Amino acid sequence: MDFPVTFHIFGKTILAHPIFEAVGMFIGMRYYFYLKRKSKEKLSFNTSAAVLIGATAGALLGSKLIGNLENPYMMFEDFSFQKFWSSNTIVGGLAFGLLGVEFAKKIVHHKESTGDLIVFPLMLAIIIGRIGCFLTGIYEETYGLPTDSVFGMHLGDQYLRHPVALYEIGFLIVLWGCLKYIQYRKKYHSGFLFQVFMLSYFTFRFLLDFIKPRVEIAGNLGTIQIVCICIIIYYIYTIKNIQSQDLKYSG
């Protein structure tokens, strides 16, 4: 396979990544609306609209902001709006999307969790998007460091590199199976699937970034890893707090 994989559309050459990213978002949203129609839990129009707006606005801002802060020195030294808009990361999108949803829920005074329904559509969208990342090779900053391991692949230069996009796809498939098992047993509080997904995914991304090129911001940690640590701490605290409340009420 030659990297990058491109498509010729209307006379223009387009990298695989943005195409698969767009397809992933479209299919993920269709899957979400399908699950929403089947769900017994119905949200009011105001709550649904607020959550959707909060998630979209937060994810858009976060993906761009954290994407640019991966290399803050370059961002501040040579800032351009076009470059700012083209840089993004799913880690920032998920983290700030969470903040946007929580802020929106406070506005409409909705206290129940709204995350479980989006878990599998979100994972599906990420998996499809990561296929595009893999097909783009080293031509966007979604590749791994050089390696001598059996997993090394040529992604467009002379080095064997970690195919981190494939690692992430494999992780998400395994996590999908684990979350489906939890869902099948039906012994969890509302929001637990989303909490486990976020805790698992951000832990995985924290570790994965050690084998990706990164600008070290604090010690040997990059911006994405620092964000991951914040989200991991938040969800460990959240899950422990909810479990403590459940034990208190059951006792």
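Just above, that's the structure.
Heads up: these notes are all about the structure in this document. (Residues numbered from 1 in each chain as written. Predicted model: local features only at pLDDT ≥ 70, side-chain atom pairs only at ≥ 80, totals over all residues. Heavy atoms only, no water.)

Applying the stated criterion across every chain, the model contains 12 aromatic pairs. Consider the rings of F194 and F197, whose centres lie 6.4 Å apart with planes at 45 degrees: the pair is tilted. Taken together, the positions of F194 and F197, both in helix α8 (residues 192-208) and 3 residues apart, correspond to about one turn of that helix. Seen from their ring centres, F206 and F210 are 5.4 Å apart, and the 85 degrees between their planes marks the pair as edge-to-face. Taken together through their ring pairs, the aromatic side chains of F194, F197, Y201, F202, Y234 and Y235 make up a single cluster. The ring of F120 carries the charged tip of K180 above its face, separated from the ring centre by 4.4 Å. (Phe/Tyr/Trp six-rings, centres within 6.5 Å; stacked < 30°, edge-to-face > 60°. Helix = DSSP H or I, 4+ residues; strand = E, 2+ residues; numbered from the N terminus. Lys NZ or Arg CZ within 6 Å of the ring centre and 35° of its normal.)

Let us now look at a nonpolar patch on the surface. Judged by side-chain polarity, F7, I9 and F10 come together as a nonpolar surface patch covering roughly 340 Å² of accessible area. Inspection of the secondary structure puts I9 in strand β1 (residues 6-9). On the basis of relative accessibility, which here comes to 33%, the residue I9 falls in the partly exposed class. (Patch = residues over 30% accessible without salt bridge, like charges linked within 9 Å, V, L, I, M, F, W, Y side chains within 5 Å. Areas by Shrake-Rupley, 256 points an atom, 1.4 Å probe, with all protein chains shown as cover. Salt bridge = Lys/Arg side-chain N within 4 Å of Asp/Glu carboxyl O. Buried < 20%, exposed > 50% of the residue type's maximum accessible area, 1.4 Å probe, protein only.)

Note on placement: T47 falls in helix α2 (residues 45-69). Note on T47: relative accessible area 8%, which makes it buried. C-alpha of T47 to C-alpha of I242: the two residues are 195 residues apart in sequence and 23 Å apart in space. Residue contacts for T47: discarding those within four places in its chain leaves V108 and H110. (Contact = heavy atoms within 4.5 Å.)

A separate point is the environment of G58. Structurally, G58 is set in helix α2. In this structure the C-alpha to C-alpha distance between G58 and S80, which are 22 residues apart in sequence, comes to 21 Å. Dropping the residues within four chain positions of it, G58 is found in contact with F96 and G97.

Counted at 1.5 Å a residue, the expected span for helix α1 (residues 16-38) with its 23 residues is 33 Å, and the 33 Å between its end C-alpha atoms agrees. All of the buried residues along α1 are A16, H17, F20, G24, G28, Y31, Y32 and L35. The inward-facing, buried residues of α1 abut β1, β2 (12-15), α6 (119-136) and α7 (164-185). (Expected span 1.5 Å × (residues − 1).)

Judged by nonpolar contacts, the single largest core of 34 residues is most densely connected at M123, L179, F197, M198, F202 and I231. Those elements giving two or more residues to this core turn out to be α1, α5 (90-107), α6, α7, α8 and α9 (223-250). Among the elements that take part in this core, α8 stands out by supplying 9 residues, more than any other. Apart from residues lying up to four places away in sequence, M198 is in contact with L94, L98, I231 and Y235. With 10 residues, the next largest nonpolar core counts F20, F134, L135 and L155 among its residues. (Core = buried A, V, L, I, M, F, W, Y, C linked by side-chain atoms within 4.5 Å.)

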